Amino acid sequence: MKQQETIRFALFSEVFAAIAHPKRLEIIHYLGEGQKTASELTELTGMSKANVSQHMNILKARGLVHCDKCGTFCHYRLTSPKVLEVCEIVRELILDQMQITAHNHAVLSTVVTLHKKGTA
């Protein structure tokens, strides 16, 4: 059973590593709007075609993106809406953390400051 858990966690890690790059998240965002060609992704992200291709290869290898070839064009799409759901869950987690931080900041700002002995 231990080996199966190790394999499972390794697979999780590979998927998380694939979406851990800001530009790959940006690509996922644009593909969430609908199918795009490499040229469209190049224009939208401001990356070179070679750079987009490298990121797409990582996303494809992890099963997050699929490529449909049509002549000389590759049309990319997300393999599942669950890819966007994962991103949304992480966004919500970040917002929750920001809210806690803001609350703690507000609490700390209301604390009376301590004065050193001999000062007013």
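Cut-offs used in this document
Residues numbered from 1 in each chain as written. Predicted model: local features only at pLDDT ≥ 70, side-chain atom pairs only at ≥ 80, totals over all residues. Heavy atoms only, no water. 1 Å grid on protein atoms, 1.4 Å probe; cavity = no way out; pocket = protein on both sides within 12 Å on 5 of 7 lines; lining within 4 Å. Points joined across faces, edges and corners; volume = space filled by probe spheres on them. Helix = DSSP H or I, 4+ residues; strand = E, 2+ residues; numbered from the N terminus. Nonpolar A, V, L, I, M, F, W, Y, C, P; charged D, E, K, R; others polar. Axes fitted to C-alpha atoms, helices over the stretch in contact; angles between N-to-C directions. Parallel < 35°, antiparallel > 145°, perpendicular 65-115°, else oblique. Left-handed = near helix turned anticlockwise from the far one by under 90°. Contact = heavy atoms within 4.5 Å. Salt bridge = Lys/Arg side-chain N within 4 Å of Asp/Glu carboxyl O. Buried < 20%, exposed > 50% of the residue type's maximum accessible area, 1.4 Å probe, protein only. Phe/Tyr/Trp six-rings, centres within 6.5 Å; stacked < 30°, edge-to-face > 60°. Lys NZ or Arg CZ within 6 Å of the ring centre and 35° of its normal.

Trainee: What is the right way to read the layout of surface pockets from this model?
Mentor: The gaps of empty space that remain are located by a probe, the size of a water molecule, rolled over the atoms. In this structure, the largest pocket spans a volume of roughly 200 Å³. Lining the largest pocket, in full, are F16, I19, A20, L25, L84, C87, E88, V90 and R91. Listed by contribution, the elements that provide at least two residues to the lining of the largest pocket are α1 (2-19) and α5 (82-109). Sorting elements by how many residues they give to the lining of the largest pocket places α5 first, with five residues. In terms of residue class, the lining of the largest pocket is built from seven nonpolar, no polar and two charged.

Trainee: Sorry if this is basic, but what is going on with the packing of helix α2 (residues 22-32) against α5 here?
Mentor: Each packed pair of helices is defined by two parameters, the angle between the axes and the distance between the axes. One can describe the packing of α2 onto α5 by two numbers: an axis separation of 10 Å at closest approach and a directional angle of 125°. When the axes of α2 and α5 are compared, the pair comes out oblique. The way α2 lies across α5 gives a crossing that is left-handed. In this structure, α2 uses L25, I28 and G32 to contact α5, whose residues at the interface are V83, L84 and C87. Broken down by class, the residue content of the contact of α2 with α5 amounts to five nonpolar, one polar and no charged.

Trainee: Help me out: how do you make sense of the pattern of salt bridges in this one?
Mentor: Any two side chains of opposite charge can pair, so long as their charged atoms come close to each other. Per the stated rule, a full pass over the model turns up four salt bridges. Across the salt bridge formed by E26 and K23, the nearest N and O atoms sit 3.1 Å from each other. Taken together, the residues span about one helical turn, with E26 and K23 both in helix α2 at a distance of three residues. The class of E26 is partly exposed, set by a relative accessible area of 22%.

Trainee: Looking at this structure, I do not really get the packing of aromatic side chains. What am I missing?
Mentor: Ring pairs (aromatic) are described by centroid distance and by the angle formed between their planes. Using the criterion set out here, one finds zero aromatic pairs in the structure. Geometry around F9 places R8 over its ring, the cationic atom sitting 4.6 Å from the centre.

The values reported here are purely geometric and, on their own, carry no functional implication.
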